[in-house]
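# What the coordinates show
Next come the chains, spelled out residue by residue.
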Amino acid sequence: MTSELLQQVRVIDPVSGTDQIADVLISDGKIQSVTGGTSDMLPKDTRIRDCRGLVLGTGLIDLYSHSGEPGFEERETLLSLLQAAAAGGFTRVSLLPDTSPSIDNPAVVAKLLATKRGYEENTLLSSSLPVVNIWGALTLGVAGKQMTELADLAAAGVVGFADSQPWENSVLVRRVLEYVQPLGKPVAFWCCDRQLAANGVMREGTDSIRFGLPGNPSFSETSAIAALLELVADIGTPVHIMYVSTARGVELIASAKASGLPITASTTWMHLLLDTKAISDYNPSLRLDPPLGNPDDLLALRQAVKTGVVDAIAINHSPYTYEEKTVAFAEAPPGAIGLELALPLLWQNLVETGEFTALELWKALSSNPAECLKQKMSAICPWQQASLIAPGEKAELTLFDPQQTWKVEKQNLYTLSSNTPWLGKQIQGRVLQIWC
């Protein structure tokens, strides 16, 4: 039996709303006690750690990211992705189906789960790797024209259904919403009209004109959100709206929630930190899809996360090789890594500045993503009704040092890729350990 006592650690529990200093005793993967002072009755050989200045929160949960394996192992293997997720504080990571082959049939799901089981059988890896959630594809191929066998994928163990590209066929979306309803699994959509987006590589506005780059208008997103909301209003199937990136998109979602539509929504971490002005240096790692928003979009997204209009912050970790990304901005494939960087940079730029409370940020990265995935975090209590950092609960936890500084360099990252605008820069905050 292994035990450790985290002394005077800052405990953040977004479900109970707790933000307090306490001593937390963890034994054999379970929380044994949370007290205001050190207990005299500690198990034999308990490791005592001085955790003053450190943060202990519920495990972080990523709603969607991209795995290179299978098909693009030079970008990322499943093992390197999981190690990067663990290094970033994530105890659960959810994979989108744009692998090669696509995750559009039970055989690919089974192969990925078998690969993860192989890691779990390795005692050096098993205790430090996150849980893998797999999104099953809605359509065959990558955003194809024919619906997958949804029931077969559900039986194979997918967490829900999504595509890695925006939907184009409203009739197919209608059929998906009808067919998926009895399966009880989350269904997620990326709302973007590719015809309206045309060849835009950054959000249309003053900055796109100034930088001489083709603009992608905000209504390419909002027109698709409006169309999806009309379908949800008629059919009633709950949906998750991914990649929200515009102020008008936030308004549509707020209005839909106020009218009682069963929707949740997420934005990505980089859309909360940067806007179009950051593209002035044409760094290809800032070529994203959806693109970074204009300044008013960024402000609206931050407020929406604080108030819960946008439920969760997703990482959308998108690894690419050096050769793929080292091209002109407009020619670069869209995406950036983020699993190891998101928590430190969000904490530094939102919590340390006082714009977010620690609880607000943690909720959007932990308990809210669990709700979007329809997953429980509590092992002993009814769904989301009690503290998750409490005696008897399983230890699904993240220990974070908000003051530790480190340099973002390829040799300091577990991910195989380094496509990030923070490469070569000093950042503050680092995850020390996860329990999962």
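To start, this report covers the structure provided alongside it. None of these values were measured; they are calculated from a predicted model.

The subject of this paragraph is the sheet that holds strand 9 (residues 160–162). The 4 strands are arranged 6-7-8-9 in an open sheet whose pairing can be described as parallel. Across the chains shown, the open sheet's two edge strands, defined by having one partner strand only, are strand 6 (60–65) and strand 9. Each strand of the sheet is rotated relative to its neighbour by a mean of 30°, with strand direction disregarded. As paired elements, strand 7 (residues 90–95) and strand 8 (residues 131–137) share 4 bridges and run parallel to each other. Residue pairing for strand 8: V93 is matched across the bridge by V132. Helix 1 (residues 78–87) contacts strand 7 and strand 8 of the sheet and is inclined by roughly 140° relative to strand 7.

A full pass over the atoms with the stated rule returns 0 disulfides. Free of any disulfide, C191 has its nearest neighbouring cysteine sulfur in C192, separated by 9.0 Å. Unpaired in this structure, C436 has its nearest cysteine sulfur neighbour in C51, at a distance of 18 Å. C436 sits in the partly exposed class, given a relative accessible area of 39%.

Let us look at helix 11 (residues 342–351). With 8 of 10 residues buried, helix 11 lies mostly within the body of the structure. Among the residues making up helix 11, those that are buried are A342, L343, P344, L345, L346, W347, L350 and V351.

Take the sheet that holds strand 15 (residues 312–314) next. The strand order across the open sheet built from 4 strands is 10-13-14-15, with neighbouring strands paired in parallel fashion. Both edges of this open sheet fall to strand 10 (188–190) and strand 15, since each of them pairs with a single strand only. Averaged over all adjacent pairs, the angle separating strand axes in this sheet is 30°, with direction ignored. For strand 13 (residues 239–242) and strand 14 (residues 263–268), the ladder comprises 3 bridges, and the chain directions are parallel. Paired with I241 across the strands is A265, a residue of strand 14. Its contacts with the sheet put helix 7 (residues 219–235) on strand 10, strand 13 and strand 14, and the angle it makes with strand 13 is roughly 175°.

Rules behind the numbers
- Residues numbered from 1 in each chain as written.
- Predicted model: local features only at pLDDT ≥ 70, side-chain atom pairs only at ≥ 80, totals over all residues.
- Heavy atoms only, no water.
- Pairing = 2+ DSSP bridges.
- Helix = DSSP H or I, 4+ residues; strand = E, 2+ residues; numbered from the N terminus.
- Axes fitted to C-alpha atoms, helices over the stretch in contact; angles between N-to-C directions.
- Contact = heavy atoms within 4.5 Å.
- Disulfide = S-S within 2.5 Å.
- Buried < 20%, exposed > 50% of the residue type's maximum accessible area, 1.4 Å probe, protein only.

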